[in-house]
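# Remarks on the overall topology
Spelled out from the first residue to the last, the chains are:
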Amino acid sequence: NENNEITGPTVDQSNFFNKDTGFISGFIDGDDEDYNIIYHTTNGGKTWKQINFGQSGWVDKAVNLNNGEAW
């Protein structure tokens, strides 16, 4: 902006579980101004979908299981 300040979402983590599926998380606020979303892709990052994970807070860790589940 005109004061040379950095504003907007802060992205902390990009987590890919295979060549197609991953998400981006960090201090990203949704439409209701809570920090409750991540961005999810299933096509290697060509497109991203905003996902509301249901509570306000940072998502900064990820674990994936062999069955495809990610937490």
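Look a little higher up for the structure.
Read on for a plain summary of the structure.

What counts and what doesn't
Residues numbered from 1 in each chain as written. Predicted model: local features only at pLDDT ≥ 70, side-chain atom pairs only at ≥ 80, totals over all residues. Heavy atoms only, no water. Helix = DSSP H or I, 4+ residues; strand = E, 2+ residues; numbered from the N terminus. Buried < 20%, exposed > 50% of the residue type's maximum accessible area, 1.4 Å probe, protein only. Contact = heavy atoms within 4.5 Å. Areas by Shrake-Rupley, 256 points an atom, 1.4 Å probe, with all protein chains shown as cover. Lys, Arg positive; Asp, Glu negative; His and termini not counted. Charge placed at Lys NZ, Arg CZ, Asp CG, Glu CD. Phe/Tyr/Trp six-rings, centres within 6.5 Å; stacked < 30°, edge-to-face > 60°. Pairing = 2+ DSSP bridges. Axes fitted to C-alpha atoms, helices over the stretch in contact; angles between N-to-C directions. Polar contact = N/O pair within 3.5 Å; in protein donor to acceptor, adjacent residues only side chain to side chain.

### A word on the overall build of the protein chain
Helix and strand counts for the protein chain stand at 0 helices and 4 strands. When the elements of the protein chain are put in sequence order from the N terminus, they spell out β-β-β-β. For the protein chain, the spread of C-alpha atoms along the principal axes amounts to about 45 × 25 × 20 Å. Out of the 71 residues belonging to the protein chain, those deemed buried represent 17%. Counting only contacts in the protein chain whose residues sit at least 6 apart along the sequence, the fraction spanning at least 24 positions is 20%. Accessible surface, the protein chain as shown: approximately 5,400 Å² in total, 45% of it carbon and sulfur. Between the mean site of the 4 positive side-chain charges and the mean site of the 11 negative ones, the protein chain shows a separation of 18 Å.

### What about the packing of aromatic side chains?
Any aromatic ring pair is given by two values, namely how distant the centres are and how the planes are angled relative to each other. This model, assessed by the stated rule, comprises 2 aromatic pairs. Where Phe-16 meets Trp-48, the ring centres are 6.2 Å apart and the plane angle is 80°; that geometry is what we call edge-to-face. With Phe-16 in strand β1 (residues 10-16) and Trp-48 in the loop between β3 (37-41) and β4 (49-52), the pair connects residues that are 32 residues apart, well separated along the chain. When the ring of Phe-17 is compared with that of Phe-23, the centres are 5.7 Å apart and the planes differ by 40°; the resulting orientation is tilted. According to the relative accessible area criterion, Phe-17 is partly exposed, its value standing at 23%.

### Focus: the pairing of β1
One ladder, built from 6 bridges, connects β1 with strand β2 (residues 22-27); its direction is antiparallel. In the sheet register, Val-11 faces β2, and the bridge partner there is Gly-26.

### A short note on the sheet that holds β2
Taking strand neighbours across the sheet as the criterion, the 4 strands line up as β1-β2-β3-β4 in an open arrangement whose pairing is antiparallel. Of all strands in the sheet, those bounded by a partner on one side alone are β1 and β4. Strand after strand, the sheet turns through a mean of 30° between neighbouring axes, direction not considered.

### Structural notes on the environment of Thr-41
Mapped onto the elements of the fold, Thr-41 is located in strand β3. The class for Thr-41 is buried, based on a relative accessible area of 1%. Beyond its immediate stretch of four places on either side in the chain, Thr-41 contacts Phe-16, Asp-20, Thr-21, Gly-22, Lys-46, Thr-47 and Trp-48. Looking at Thr-41, its side chain comes within polar contact range of the side chain of Asn-43, at 2.9 Å. Among the polar contacts listed, one links the side chain of Thr-41 to the backbone nitrogen of Gly-45, at a separation of 3.0 Å.

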